[in-house]
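Architecture at a glance
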Amino acid sequence: MKNEIIPYILANYPDLQTTKELLIHCHKLGIKYVELGIPFSDPSADGPVIQNAATKACINFNFDNLLAILLDLKKQNINLEITIMTYANPLYIYGISNFYTNFSSANVKGLLVPDIPFEERKVLTRKNHSIKNVWMISDNLPSASLKKIVSNSNFYLYLVAYLGTTGKNIQQSDSLKSTIAQVKKIKDIPVAIGFGIKDKNDVTNILNIADGAIIGTSLIIELDKSLNSAKEFLNNIIL
Amino acid sequence: MVYKKNYYGAYGGQFLSQSLMPALDELKSAFDLFKKNKQYLAEYKDLLNNYVGRPSPLYFARNLSKKLDQQIFLKREDLNHTGSHKINNTLGQIILAKSMGKTRIIAETGAGQHGVATATAAALMNMECVVYMGEEDTQRQQPNVQRMKLLGAKVVPVTTGCKTLKEAVTETFKDWLANQKDTYYLLGSAMGPAPYPEIVKYFQRIIGQEARKQCKKLTGQLPDYVIACVGGGSNAIGIFAPFTQDKTVHLIGVEAGGHSSSYGKHCATLSLGKPGIFQGSYSYLLSTETGQISPTHSISAGLDYPGVGPEHSYLKDSKRAQYVAVSDDEALAAFHTLSKEEGILPALESSHALAYTFKLAATVKKNSIIIVNLSGRGDKDLGIVN
Ligand SMILES: Cc1ncc(COP(=O)(O)O)c(C=O)c1O
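Residues numbered from 1 in each chain as written. Chains lettered and ligands numbered in written order. Predicted model: local features only at pLDDT ≥ 70, side-chain atom pairs only at ≥ 80, totals over all residues. Heavy atoms only, no water.

Looking only at helices and strands, chain A has 10 helices and 9 strands in total. A compact globule built from 239 residues would reach a C-alpha radius of gyration of about 18 Å, and chain A, at 17 Å, matches this within 12%. If one aligns the C-alpha atoms of chain A with their principal axes, the spans along those axes are about 45 × 40 × 35 Å. Within chain A, the proportion of its 239 residues that are buried is 60%. Counted over contacts in chain A with a minimum sequence separation of 6, partners at least 24 positions apart contribute 69%. Summed over its atoms, the accessible surface of chain A is roughly 9600 Å², and 48% of this surface lies on carbon and sulfur atoms. Separation of charge centres in chain A, based on 24 positive and 21 negative side chains, amounts to 8 Å. (Helix = DSSP H or I, 4+ residues; strand = E, 2+ residues; numbered from the N terminus. Rg over C-alpha atoms; globule rule 2.2 N^0.38 Å. Buried < 20%, exposed > 50% of the residue type's maximum accessible area, 1.4 Å probe, protein only. Contact = heavy atoms within 4.5 Å. Areas by Shrake-Rupley, 256 points an atom, 1.4 Å probe, with all protein chains shown as cover. Lys, Arg positive; Asp, Glu negative; His and termini not counted. Charge placed at Lys NZ, Arg CZ, Asp CG, Glu CD.)

Written out as structure tokens, the structure is:
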């Protein structure tokens, strides 16, 4: 991963057909990595925009319908590298082994669970599957924890831009830079930054210091206008 | 002890964002120091005795006992300053917060009793206080909103989701995430991520310690039954904890059965839920087949919550305690019975424990010794029962 724009797409918002079209559009634009969010009724890491969207999208969501769409995209040779972002309970209830088995055959490469910290990783541990855990880090972690997390990562790390929920304003900060430097000293592994990245300008700034920029809330705000606005928004950022 | 590395058997843990792990570590270290610090412990004890009015009486309910042909004792947490057991915990935690150098206190509240107890402790210690409360709860527990404001706290109505306790908890965690440097999250029940369930139990076990002594003194025996209502589980774990090694003592937790056992109509987490991961811990939970958190209902705001503290899940699975549910109507009837029979207006939360006691009394050996934890007083509920 290098210089990558990573859209956060909330599955089933407003419906799965839209999710599918957005994924196809990402592929057309040459986007390689996507973070695909599973809607949850009580999203503790999200600000009002994603929270509102998720409370609607979670009502008739189920993993198997999403799986069907991902398998269909794969059949069409639309091969994005997908990281599933889900809160712990939907995943736990679906079954963690189930998830690994079913979703690894559908281009899902990573799993990110904002309410399962590295300390509780046992819950996610299963043998024999290809999906990798993506851990979240932040600039307030003691260096010993950072070291453990980084050395145990083998896909990329998700660095949250600030302490708080999604959708606030990102601040350019030296501490982000120094956290990335610390990571790279431990292991040569990509670092993507998420939370508060709103527009092309933010993306450019972030890609100066990190390998990936995750963009979520703004995309949902555009999607609230129309699917076309969301597509155009992505076009503008990529092109 | 069952408690090992943040878990009670399979239940517990620290299921929160990675960014809050340093705050939980800091809290755990401070709590370990607190327990060894004579000065903090003395300050806590002094406040319990002279500010709260402990020990609270274990009252032999003479009219009920006669009527039911049992020996019914009420542990009178309703007589505490601020009107419930919640103050035992907030005074302990506020000393802990001060020991950590925190200047700002945040809390969630359902019925408003924990909010009032937190606002009280913060006023006493001269600290800034913000309380998150579901908008629906601000309406149905209006007197407590007024009390918090008079005590100098800022009350933030939460308008997401069901607008009740679980949303208030989520918003408080979000505040803590952003402000962990100077802010202490004073959690109100024996739930959430480790070490909160241990901290809250530590400060609430005074209820059971006193009750055990008082019962022996009054009857020469241990009780046959100890009964408490269960929301998050703090008054229940507080009275259960000192009895868990006494194998003859039956421990019974009473949940809110609401209108019925169908989806969204109750909050009988242990009776009707199954294990899941939510708001910091792995514990019994009410969630849908796709893992979304279920809406809940109870006449009592303090029990209106889809989760429960992890130690109760352990006590249930290990069968050391038994958990049952009573309906809104049964709790209301018990409210009126206690008011008329004994001249005590119980909180609607505590009325659940009473309602089950009345049922139990009809089925067990006559003259059994039954302790009911009267966790709070009912003044806050007049708008609902009228
Ligand atoms: C009087 C009273 N009892 C019980 C409860 C339930 O909480 P817990 O289960 O933590 O004791 C509350 C909560 O607000 C309360 O106000």
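So much for the structure itself; the text now carries on.
Moving on, we come to the interface of chain B and chain A. One frequently used descriptor of interface size is the decrease in accessible area upon assembly of the parts. Contact with chain B, which involves 33 residues of that partner, is made by 35 residues of chain A. Taken as a group, Gln18(B), Ile277(B) and Gln292(B) account for 25% of the area that chain B buries against chain A, more than any other trio of residues on that side. Counting across the interface, chain B meets chain A through 1 salt bridge. One salt bridge in this structure joins Lys166(B) and Asp42(A), with 2.7 Å as the shortest N-O distance. Between chain B and chain A we count 17 residue pairs in polar contact (both at pLDDT 80 or more) in total. Mapped by element, the contributors of at least two residues to the side of chain B that touches chain A are β3 (11-15), α1 (21-36), α8 (165-179), β12 (274-278) and β13 (280-285) of chain B. For the side of chain B that touches chain A, the element with the highest residue contribution is α8(B), accounting for 7 residues. For the side of chain B that touches chain A, the per-class residue count stands at 13 nonpolar, 14 polar and 6 charged. (Buried area = accessible area lost by both parts, 1.4 Å probe. Salt bridge = Lys/Arg side-chain N within 4 Å of Asp/Glu carboxyl O. Polar contact = N/O pair within 3.5 Å; in protein donor to acceptor, adjacent residues only side chain to side chain. Nonpolar A, V, L, I, M, F, W, Y, C, P; charged D, E, K, R; others polar.)

In this model, chain B carries an average pLDDT of 97, and 100% of its residues clear a pLDDT of 70 or more. Across the interface, the model reports ipTM at 0.97; the global pTM reads 0.98. (pLDDT = per-residue confidence, 0-100.)

Our next topic: the site of the ligand. All names here are of chain B. Near the ligand you find 18 residues, and of these Ser189, Gly231, Ser234, Asn235 and Ser375 are the closest. The separation between an oxygen atom of the ligand and a polar side-chain atom of Ser234 is 2.7 Å. At a separation of 2.7 Å, an oxygen atom of the ligand approaches a polar side-chain atom of Asn235. Considering the ligand on its own, with 390 Å² of exposed area, one finds that the protein chains cover 97% of that surface. By residue class, the composition of the shell around the ligand is 5 nonpolar, 11 polar and 2 charged. The residues that make up the shell around the ligand include at least three from each of domain 1 (16-47 + 86-200) and domain 2 (55-84 + 205-385). (Near = heavy atom within 4 Å. Domains from an automatic or database assignment.)

Attention shifts here to the pairing of strand β3 (residues 81-85) of chain A. All names here are of chain A. Within β3, 4 of the 5 residues are buried, leaving the element largely enclosed by the surrounding structure. Across 5 bridges, strand β2 (residues 33-37) lies against β3 in parallel orientation. Opposite Val34, over in β3, you have Ile82 as the bridge partner. Relative to strand β4 (residues 108-112), β3 is paired through 4 bridges, and the arrangement is parallel. Bridge pairing in β4 places Ile82 opposite Val108. (Pairing = 2+ DSSP bridges.)

What follows concerns the domain arrangement of chain B. Residues and elements named next belong to chain B. For chain B, the assigned domains are domain 1 (16-47 + 86-200) and domain 2 (55-84 + 205-385). The distance between the C-alpha centroids of domain 1 and domain 2 comes to 23 Å. Counting residues at the interface gives 32 residues for domain 1, matched by 35 residues for domain 2. Regarding the contact of domain 1 and domain 2, the summed buried area is about 2400 Å², with carbon and sulfur atoms giving 55% of it. A per-residue breakdown of the area domain 1 buries against domain 2 is headed by Gln113, Arg140 and Lys166, which together make up 23% of the total. Counting every contact that joins domain 1 to domain 2 gives 1 salt bridge. Here Arg140 and Asp304 are joined by a salt bridge, their closest N and O atoms 2.8 Å apart. Our enumeration of links across domain 1 and domain 2 arrives at 12 residue pairs in polar contact (both at pLDDT 80 or more). At the level of elements, α4 (86-99), α5 (113-125), α6 (135-140), α7 (142-150), α8 and α9 (196-204) are the ones that each hand at least two residues to the side of domain 1 that touches domain 2. Sorting elements by how many residues they give to the side of domain 1 that touches domain 2 places α8 first, with 5 residues.

With that settled, the discussion passes to empty space enclosed by the protein. If you walk through the whole model with that rule in mind, you get 11 cavities of 30 Å³ or more. Counted as a void, the largest cavity has a volume near 300 Å³. Lining the largest cavity we find 27 residues, and of these His85(B), Lys86(B), Ala111(B), Gly302(B) and Glu349(B) sit closest to its centre. The residue makeup of the lining of the largest cavity, split by class, is 6 nonpolar, 17 polar and 4 charged. Mapped onto the domain boundaries, the lining of the largest cavity takes at least three residues apiece from domain 1 (16-47 + 86-200) and domain 2 (55-84 + 205-385) of chain B. Within this model, the second largest cavity holds a volume of roughly 180 Å³. Ile50(A), Tyr158(A), Thr166(A), Phe195(A) and Gly216(A) are, among the 22 residues lining the second largest cavity, the residues nearest its centre. Here the lining of the second largest cavity is built from residues that sort into 12 nonpolar, 6 polar and 4 charged. (1 Å grid on protein atoms, 1.4 Å probe; cavity = no way out; pocket = protein on both sides within 12 Å on 5 of 7 lines; lining within 4 Å. Points joined across faces, edges and corners; volume = space filled by probe spheres on them.)

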